[in-house]
Amino acid sequence: MNEDTLTALALGMLHGPGSNARTILGLAGPPGAGKSTLARHLVAEVERREGPGSAAYLPLDGFHLSAAQLDRLGLSHRKGAPATFDAHGYVALLRRIAADRFQHIYVPDFDRDLDEPVAARHVVAPHSRLVITEGNYLAAAEHPWPEARRLLRELWWVETDDTVREERLLRRHRDGGRDETTARHWVTSNDHPNGEYVKAGRSLCTRIVHGTGLPSLPDRRSVS
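These figures come from a predicted structure and were not determined experimentally.

Some details on the overall build of the chain
(1) Moving on: Across its full length, the chain holds 7 helices and 7 strands.
(2) Moving on: Each helix and strand of the chain, ordered N terminal to C terminal, gives the series α-β-α-β-α-α-β-β-β-α-β-α-α-β.
(3) Moving on: Relative to the compact-globule value of 17 Å for 224 residues, the chain shows a C-alpha radius of gyration of 17 Å, a close match.
(4) Moving on: Along the three orthogonal principal directions, the C-alpha set of the chain runs to about 50 × 35 × 30 Å.
(5) Moving on: In the chain, which comprises 224 residues, the proportion classed as buried is 50%.
(6) Moving on: Pairs at least 24 apart in sequence give 74% of the contacts found in the chain among residues at least 6 apart.

Quick word on unusual backbone geometry
(1) Moving on: For the peptide bond that leads from H143 to P144, omega is 10°, which places it in the cis range.
(2) Moving on: Looking at where P144 falls in the secondary structure, it is placed in the loop between strand 5 (130–135) and helix 5 (145–149).
(3) Moving on: With a phi close to 60°, D115 is a non-glycine residue in the positive phi region.
(4) Moving on: With respect to the secondary-structure elements, D115 resides in the loop between strand 3 (105–111) and strand 4 (116–124).
(5) Moving on: The backbone of A120 shows a phi angle near 55°, a positive value even though the residue is not glycine.
(6) Moving on: By the secondary structure assignment, A120 is in strand 4.
(7) Moving on: With relative accessibility at 44%, the residue A120 sits in the partly exposed group.

Some words on the packing of aromatic side chains
(1) Moving on: Tallied over the full model, the rule gives 5 aromatic pairs.
(2) Moving on: Over the ring of W186 we find R178; its NZ or CZ atom is 4.4 Å from the centre of that ring.

Considering the environment of D61
(1) Moving on: Along the chain, D61 falls in the loop between strand 2 (55–59) and helix 3 (67–73).
(2) Moving on: In the structure, D61 is positioned 75 residues away from N136 in sequence and 8.9 Å away in space, judged by C-alpha atoms.

Let's talk about the sheet that holds strand 7 (residues 207–210)
(1) Moving on: One open sheet accounts for 5 strands, arranged 2-5-1-6-7; its pairing is parallel. Each edge of the open sheet carries a strand with a single partner, namely strand 2 and strand 7. Along the sheet, successive strands turn relative to each other by an average axial angle of 25°, direction set aside.
(2) Moving on: The pairing of strand 2 with strand 5 spans 5 bridges and is parallel. Its bridge partner being in strand 5, A55 is matched across the sheet by L130.
(3) Moving on: Lying on the sheet, helix 1 (residues 3–12) is in contact with strand 5, strand 6 (154–159) and strand 7; it crosses strand 6 at an angle near 165°.

Some thoughts on the confidence of the model for the chain
Low pLDDT marks regions whose predicted coordinates should not be analysed in detail.
(1) Moving on: Here the chain averages 93 in pLDDT, while 94% of its residues score no lower than 70.
(2) Moving on: Every residue in residues 219–224 scores below 50 in pLDDT, and together they form 25 contacts with partners more than four places removed in sequence or on other chains.

A word on the nonpolar core
(1) Moving on: L58, Y90, I97 and W145 are the most contacted members of the largest nonpolar core, which has 28 residues in total.
(2) Moving on: Contributing elements (two or more residues each) for this core: strand 1 (23–28), strand 2, helix 4 (87–99), strand 3, helix 5 and strand 6.
(3) Moving on: With 6 residues, helix 4 is the single largest residue contributor to this core.
(4) Moving on: Apart from residues no more than four positions distant in its own chain, Y90 is found in contact with L58, L60, F63, T133, L138, W145 and A148.
(5) Moving on: L14, L38, Y57 and L130 belong to the second-largest nonpolar core, a separate cluster that totals 21 residues.

Things to note about the environment of G34
(1) Moving on: Mapped onto the secondary structure, G34 falls in the loop between strand 1 and helix 2 (35–50).
(2) Moving on: Sequence separation between G34 and D111 is 77 residues, and the spatial gap between their C-alpha atoms is 17 Å.
(3) Moving on: If we skip the residues at most four places from it in the chain, G34 touches V158, R168 and G211.

Let's talk about the packing of helix 1 against helix 2
(1) Moving on: The contact between helix 1 and helix 2 brings their axes to 10 Å, and the two run at 65°. Remark: the crossing between helix 1 and helix 2 carries right-handed chirality. Here E3, L6, T7, A10 and L11 of helix 1 lie close against helix 2, whose contacting residues are L38, H41, L42, E45, V46, R49 and E50.
(2) Moving on: Of the residues assigned to the contact of helix 1 with helix 2, the class counts are 6 nonpolar, 2 polar and 4 charged.

So, how was this worked out
Residues numbered from 1 in each chain as written. Predicted model: local features only at pLDDT ≥ 70, side-chain atom pairs only at ≥ 80, totals over all residues. Heavy atoms only, no water. Helix = DSSP H or I, 4+ residues; strand = E, 2+ residues; numbered from the N terminus. Rg over C-alpha atoms; globule rule 2.2 N^0.38 Å. Buried < 20%, exposed > 50% of the residue type's maximum accessible area, 1.4 Å probe, protein only. Contact = heavy atoms within 4.5 Å. Phe/Tyr/Trp six-rings, centres within 6.5 Å; stacked < 30°, edge-to-face > 60°. Lys NZ or Arg CZ within 6 Å of the ring centre and 35° of its normal. Pairing = 2+ DSSP bridges. Axes fitted to C-alpha atoms, helices over the stretch in contact; angles between N-to-C directions. pLDDT = per-residue confidence, 0-100. Core = buried A, V, L, I, M, F, W, Y, C linked by side-chain atoms within 4.5 Å. Left-handed = near helix turned anticlockwise from the far one by under 90°. Nonpolar A, V, L, I, M, F, W, Y, C, P; charged D, E, K, R; others polar.

Pasting the structure below:
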């Protein structure tokens, strides 16, 4: 399924029955699958065709716990694992986005240069009709992830070969300042188990899409 087909599917959610309501599309998949690249590509294409602000981006990575909280919880070595996210805060924001069409809603993100979450990098405008959210754990079975899924029109699984994902993750960690040995250890000890955990939710998704072949976008700052 190529990028034009995926864009057409996203645009189709803005027309037809129920199109007056705000629609939330979710993208799930393991680390390095290409979720953030696909989400941002779709937002850009929808805005190009439907007008500025017609689509908005909501990354789960914005709900990553800060370094101070990870230290407090003893989870710094598991950064990116399910317990290192404010999952309930994410669900609360999804609920507000689904219900509130009158206010600008500000959305956090994760800054890889700072290695910390940052507030209000993105915004959902009152006229935003499609919100695309992405993250590792949207298809997870544990509470509160099923609550998040109930707010989604569809949840797509982003499928990418494990060897491709590993190379992307190694490059990401090297770009973040880790040497080759440390980067490989992080992929093996942290990214790999997180990815295997995520794969259990694949069957819960409504569509399988491929995370390769998309145009690269600037300012990629996700940790997942």
